[in-house]
Structures are given as C-alpha cells and as structure tokens.
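Given next are the chains, with one letter for each unit.
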Amino acid sequence: MNFKTLLSVINIKQDDDDLKTAIELCSEINAQLSVLVIAIASLPPLGDYPIGTADVWVKERHEDLGALRKRVDAVETLVKNANISATVIDEYPEAARIGHVIGRHARYADATIIGASLLRNDLLKTTVVDGALFESGRPILIIPHGGKPTLRPKRVLLAWNSGVECVRAAREALDVMASAEEVHVTLVDPDTSSIGNGPEPGADIAAYLAHHGAKVTVDRLPSAGKSIADVLKQHATDIGADLIVMGGYGHSRTREWIFGGVTRSMIDTANLPVLMAR
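An account of the accompanying structure is given in this report. Every value quoted in this text rests on a predicted model; they were computed, and no experiment measured them. (Residues numbered from 1 in each chain as written. Predicted model: local features only at pLDDT ≥ 70, side-chain atom pairs only at ≥ 80, totals over all residues. Heavy atoms only, no water.)

## Digging into the nonpolar core
Part 1: Of all hydrophobic cores here, the largest spans 48 residues; its most connected members are Leu6, Leu33, Leu158 and Leu209.
Part 2: Considering every element that reaches this core, the biggest residue donor is helix H1 (residues 17-29), with six residues.
Part 3: Ignoring sequence-local partners within four residues, the contact set of Leu209 consists of Leu158, Leu174, Met177, Val183, Val185, Ala214 and Val216. (Core = buried A, V, L, I, M, F, W, Y, C linked by side-chain atoms within 4.5 Å. Buried < 20%, exposed > 50% of the residue type's maximum accessible area, 1.4 Å probe, protein only. Helix = DSSP H or I, 4+ residues; strand = E, 2+ residues; numbered from the N terminus. Contact = heavy atoms within 4.5 Å.)

In structure tokens, the structure reads:
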C-alpha cells in the first residue's frame, strides 16, 4: 500500500528526535503526519490515604495538564515550521489505558512510527508497540538509533516463513517493494514440508511479488547455531538493505516476552528500519 498518513507518538518528557524523524519521513513521501502527544495520568487516591493525598493528586494532575499543553504548543510550532501537512492530538490516559489509546489512533494511520527515543523508554515502548500492533490492524515502522528513516528504500529484506503475519507484512509493504531496486526474500532454516514452505521455499511469495513488479531474489540461509534475528540482521547488513519487512509475534506475546523471540529481538536490537505487521 501507499503510505499517506503516519502516526508519531510523543511523550511530554521526550526530546524532539522522533518527531524530526517523522517529519523527515513525511517530507520524503509527501504524507500527512499525525502526532499523538501523551502524558501518563496517575490513578486517583482510593481507600485510607493520609489527609492531603487527594490535594497532592489534584495538584499533580494540574501540573501534568499544563506540561501537556506546553508540549503540544511546541510540537505544533515544530510541524508548522517544517511546512508539512500535520495534525496534533493530545491524550492524558492512565497507564493501563495507553495501549488502547494508541491502538485507537493508529487505526487511522497507515503506520505508527516507533523512533529511537521511544525505544529507549522501556515501559512506553512495550505499551506503544503492543497497542499499535494488536489494537489497530496497522503496521509499525521501527526506526532505531543510527537507522536512516526511509519508505523509499533501494534494497528490502523480506523476512519470510510463510506465516500469516509475514503475508500481512508483505501486503502492507507491497508498493514499497515494487518500487525498490532489489527485494531479498530471506528464509532461515526453511521447512520444505508441505505444511511449511514447500519444496521450493520462498518461490511462491517471490512469484507473487514479481507479478506486482518487484525485482526479487530468494535467499535461503542456515542459522548455523545463531538466532534467527541475528542471521536476519547480519544478512540485511551484507546485502546493504535499507529496510526489513517482517511479520510480528508469530508466537504469543507472553511467550515472546518471557522466552524471547525474533519479534522481541528485532524491536530491541534492530540496526536498521523495520516495517512490522501482524
């Protein structure tokens, strides 16, 4: 699909780096930018708290809303000076509702940007990623520190295992891959059984992409004792990829976060931009 609207999530205590990345991306592809500025609200005091606790909570809330308004004003000034089409929205949810709020806004964007500053915030990173992936039906675009943001890549690595999540990611990135100079469909330790990738792993998706104008190469790689995520990242470096496209959470979130997995590793340690869908 063509990316015409991108969502950037900004915390009131966050610097402007992620916003500048989002502006750069929107300028590159002439897209609309939606900026969601959030502050996290504390729960109101309940039960037997010391006298004056409620007054402290009210004061804290008042200060938070003032800081939120100030941050929104600064963001509006920054996007206005960038000369792009943009809207700025603010939300003040309690921590338990952040994922739902993110998901609700992400439904009306073509992708949610997860920038380097957000990736450094462990609590917010997890909540925003989960909300965007699980509650919006839209992909996320992870931009790690040092990664050059682009939605017009010359070389794309499509991580493939024939799973539904991979199919969705490929569909979301179809126009991006069709306009790239090279697309490397990459399989690690592919399953050649009839219920896996078939006798020619990667051939089916390569043919599909070629029908849409993509210039495709199929790369079948052994893990050789390394993690799948490490193999994918190294191969992306070897081929000079500008973007990795992959499905997210082929296993349950609980299993990924307890035992680790490809999705978690790519979110935490990606060395170049990753477009992820599920």
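Next comes the rest of the account.
## Structural notes on helix H3 (residues 98-106)
A turn of α-helix holds 3.6 residues, and therefore any two residues three or four places apart point the same way.
Part 1: For H3, the tally of buried residues reaches seven of nine residues, placing the bulk of the element in the interior.
Part 2: Three or more residues of H3 are buried, namely Ile98, Gly99, Val101, Ile102, Gly103, His105 and Ala106.
Part 3: For H3, the secondary structure elements touched by its buried residues are strand S1 (5-11), strand S2 (32-38), strand S3 (86-91), strand S4 (111-114) and helix H5 (122-134).

## Quick look at unusual backbone geometry
Part 1: For Asp189, which is not a glycine, the phi torsion comes out positive at approximately 50°.
Part 2: Of note, Asp189 is situated in the loop between strand S7 (182-188) and helix H8 (203-211).
Part 3: The exposure class of Asp189 is partly exposed, given its relative accessible area of 45%.
Part 4: Its identity as a non-glycine residue notwithstanding, Ala224 has a phi of 50°, on the positive side.

## Brief notes about the packing of aromatic side chains
Part 1: Scanning the entire structure with this criterion turns up one aromatic pair.
Part 2: Ring plane angle 50° and centroid distance 5.2 Å describe the contact between Phe134 and Tyr249, whose orientation is recorded as tilted. With Phe134 in helix H5 and Tyr249 in the loop between strand S9 (243-247) and helix H10 (253-259), the pair connects residues that are 115 residues apart, well separated along the chain.
Part 3: On the accessibility criterion, Phe134 (25% relative accessible area) is partly exposed.
Part 4: Residue Tyr249 is classed as buried on the basis of its relative accessible area of 1%. (Phe/Tyr/Trp six-rings, centres within 6.5 Å; stacked < 30°, edge-to-face > 60°.)

## What about the sheet that holds strand S10 (residues 274-277)?
Part 1: An order of S3-S2-S1-S4-S5-S10-S9-S6-S7-S8 is seen for the ten strands of this open sheet, with the pairing classed as mixed. Strand pairing shows two members of the sheet lacking a second neighbour, S3 and strand S8 (216-221), which therefore form its edges. In this sheet, neighbouring strand axes are inclined to one another by 25° on average, regardless of whether the strands run parallel or antiparallel.
Part 2: Note: strand S6 (residues 155-159) against S7, five bridges, orientation parallel. Its bridge partner lying in S7, Arg155 is registered against Glu182.
Part 3: The sheet strands contacting helix H6 (residues 164-172) are S6, S9 and S10, and the helix crosses S9 at an angle near 140°. (Pairing = 2+ DSSP bridges. Axes fitted to C-alpha atoms, helices over the stretch in contact; angles between N-to-C directions.)

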